[in-house]
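# A closer look at the structure
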Amino acid sequence: MNSISIVKKKKVYLTRKILEPASSLLAAKYQVSIHDSIRPPTRLELRKGIRNMDGILCTLSDKMDKKVLDEAGPNLKVISSYSTGYDHIDVTEATKRGVVVATTGDVLAEATADLTFALILAISRRIVEADKFVRRGAWKVGWMPNLLLGSNVHNSTLGVLGLGRIGRAVARRAKGFKMEVIYNSRHRLEESLEAELGVTYVGMNELLRNSDFLTIHTGLNQDSTNMLGRDEFSKMKKSSYLINTARGGIVDENDLAEALRKKWIRGAALDTYSHEPLTKGNKLLRLSNLIVLPHIGSATVDTRTKMSRIAAQNLINVLDGSGPVCSVNTNDI
Ligand code: DGY
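If you're wondering where the values come from, they're calculated on a predicted model, not measured in any experiment.

### As for helix H12 (residues 301-319)
With 19 residues, H12 extends 27 Å from end C-alpha to end C-alpha; this agrees with the ideal 27 Å at 1.5 Å per step. After H12 finishes, the residue Gly-321 shows a positive phi value of roughly 55 degrees.

Written out as structure tokens, the structure reads:
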């Protein structure tokens, strides 16, 4: 008598509906469940969703901490995040459990650098203010000698905090604007790469004192949490601007609000916050020398589609043992 063996499909949980091709790539191989909503799962939903799964595809809105990981059964092999940042995942806890943590790596560097540059231009040339001015019918006189005067971007000094892939992509754009680029980073680049990019390494104090635009491109971790606060803002030029498309937690937002109110710096443009979404009563929203975006650094169709493919492929490569994984902890497992 022939025996029939039934191979059970592995189970995968997607915490949000994302652009294709992730769900079709995964559905072709696994039993897929999706938290099909525009909002992220609640803690309870997440803890329930992760149970008995072999793989999770999550987003940066899902806090994958010890409590959530405790709910996962022994089958869980991989958490693949639809993001480059992984500060929402307790990597130490995942590693202890032998769970691979994967990210979309550098694929969003160029899109995020584009948005960073858009913010540099928008805050210094007062583009958001100018648009509002026209729409509310305040433009009554035609050309005016002193209307909405801003600051030059060209020939100014750009300070880059964190010169990884995104920081470098911003530095390359800055060269087209004839900016001088200085940087501070955990690891200094090879001299040949510094020369190729046309960037100069400086200490943190020099970075703060000399930047006309200070742009943040470092990851969020214990060392970088609230790295920029009162002391740092008070060292910056009064005419300078802060740009943050990295993670909100790197900036002390209370101190930033004070610095903007008291005009220690001229303005700021943010895409990320310590708590997202920003709520209506947030004091940052009362400041007119601030541009606020809703965390859209990687939000182009092309980039988010590439991220989707990478996130799914990471998951497949771990579950099937079939290829390279963009992981942050494989070496430790
Ligand atoms: C990331 O991936 O870390 C970005 O912040 C969002 O796409």
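### With respect to the domain arrangement of the protein
Interface size is commonly expressed as the accessible area that is lost once the parts come together. When its domains are assigned, the protein resolves into domain 1 (11-106 + 301-332) and domain 2 (109-292). Inter-centroid distance (C-alpha atoms) of domain 1 to domain 2 is 31 Å. On the domain 2 side, the residues contacting the 5 residues of domain 1 number 5 residues. The contact between domain 1 and domain 2 buries some 510 Å² in all, and 46% of this surface belongs to carbon and sulfur atoms. Of all residues in domain 1, Leu-60, Asp-87 and Asp-106 give up the largest surface area on contact with domain 2, accounting jointly for 80% of the area buried on that side. Joining domain 1 to domain 2, the criterion identifies 2 salt bridges. A salt bridge links Asp-87 to Arg-247; the shortest N-O distance between them is 2.9 Å.

### Observations concerning the sheet that holds strand E8 (residues 199-201)
Two modes of strand pairing occur in sheets, parallel and antiparallel, and in both the strands are linked by backbone hydrogen bonds. Spatial ordering of the open sheet is given by E8-E7-E6-E9-E10-E11-E12, a layout of 7 strands whose pairing is parallel. Two strands close off the open sheet at either side, each with one partner strand: E8 and strand E12 (290-292). Along the sheet, successive strands turn relative to each other by an average axial angle of 20 degrees, direction set aside. Note: strand E11 (residues 267-270) against E12, 3 bridges, orientation parallel. Bridge pairing links Ala-269 to Ile-291 in E12. Where helix H5 (residues 109-124) meets the sheet, it contacts strand E6 (157-161), strand E9 (213-216), strand E10 (241-244), E11 and E12, and its direction lies at approximately 150 degrees from that of E10.

### Quick notes on unusual backbone geometry
Omega for the bond connecting Glu-20 with Pro-21 falls within 30 degrees of zero, at 20 degrees, which places this linkage in the cis form. Relative to the helices and strands, Pro-21 is located in the loop between strand E1 (11-14) and helix H1 (22-27). With an omega of 0 degrees, the peptide bond between Glu-276 and Pro-277 qualifies as cis. Here Pro-277 is to be found in the loop between E11 and E12. In this structure, Lys-178 is a non-glycine residue whose phi angle is positive, near 55 degrees. Within the secondary structure, Lys-178 is located in the loop between helix H7 (165-176) and strand E7 (180-184). Taking the relative accessible area as the measure of exposure, Lys-178 reaches 63% and is therefore exposed. For Asn-226, which is not a glycine, the phi torsion comes out positive at approximately 55 degrees.

### Focus: the site of the ligand
Near the ligand you find Leu-60, Ser-83, Thr-84, Gly-85, Leu-108, Arg-247, His-295, Ser-298 and Met-307, and these make up its full shell. Note that an oxygen atom of the ligand is positioned 2.7 Å from one of the backbone N or O atoms of Thr-84. Contact with the protein chains hides 89% of the accessible area of the ligand, taken as 230 Å² for the molecule alone. Of the residues assigned to the shell around the ligand, the class counts are 3 nonpolar, 5 polar and 1 charged.

Criteria and cut-off values
Residues numbered from 1 in each chain as written. Predicted model: local features only at pLDDT ≥ 70, side-chain atom pairs only at ≥ 80, totals over all residues. Heavy atoms only, no water. Helix = DSSP H or I, 4+ residues; strand = E, 2+ residues; numbered from the N terminus. Expected span 1.5 Å × (residues − 1). Domains from an automatic or database assignment. Contact = heavy atoms within 4.5 Å. Buried area = accessible area lost by both parts, 1.4 Å probe. Salt bridge = Lys/Arg side-chain N within 4 Å of Asp/Glu carboxyl O. Pairing = 2+ DSSP bridges. Axes fitted to C-alpha atoms, helices over the stretch in contact; angles between N-to-C directions. Buried < 20%, exposed > 50% of the residue type's maximum accessible area, 1.4 Å probe, protein only. Near = heavy atom within 4 Å. Polar contact = N/O pair within 3.5 Å; in protein donor to acceptor, adjacent residues only side chain to side chain. Areas by Shrake-Rupley, 256 points an atom, 1.4 Å probe, with all protein chains shown as cover. Nonpolar A, V, L, I, M, F, W, Y, C, P; charged D, E, K, R; others polar.

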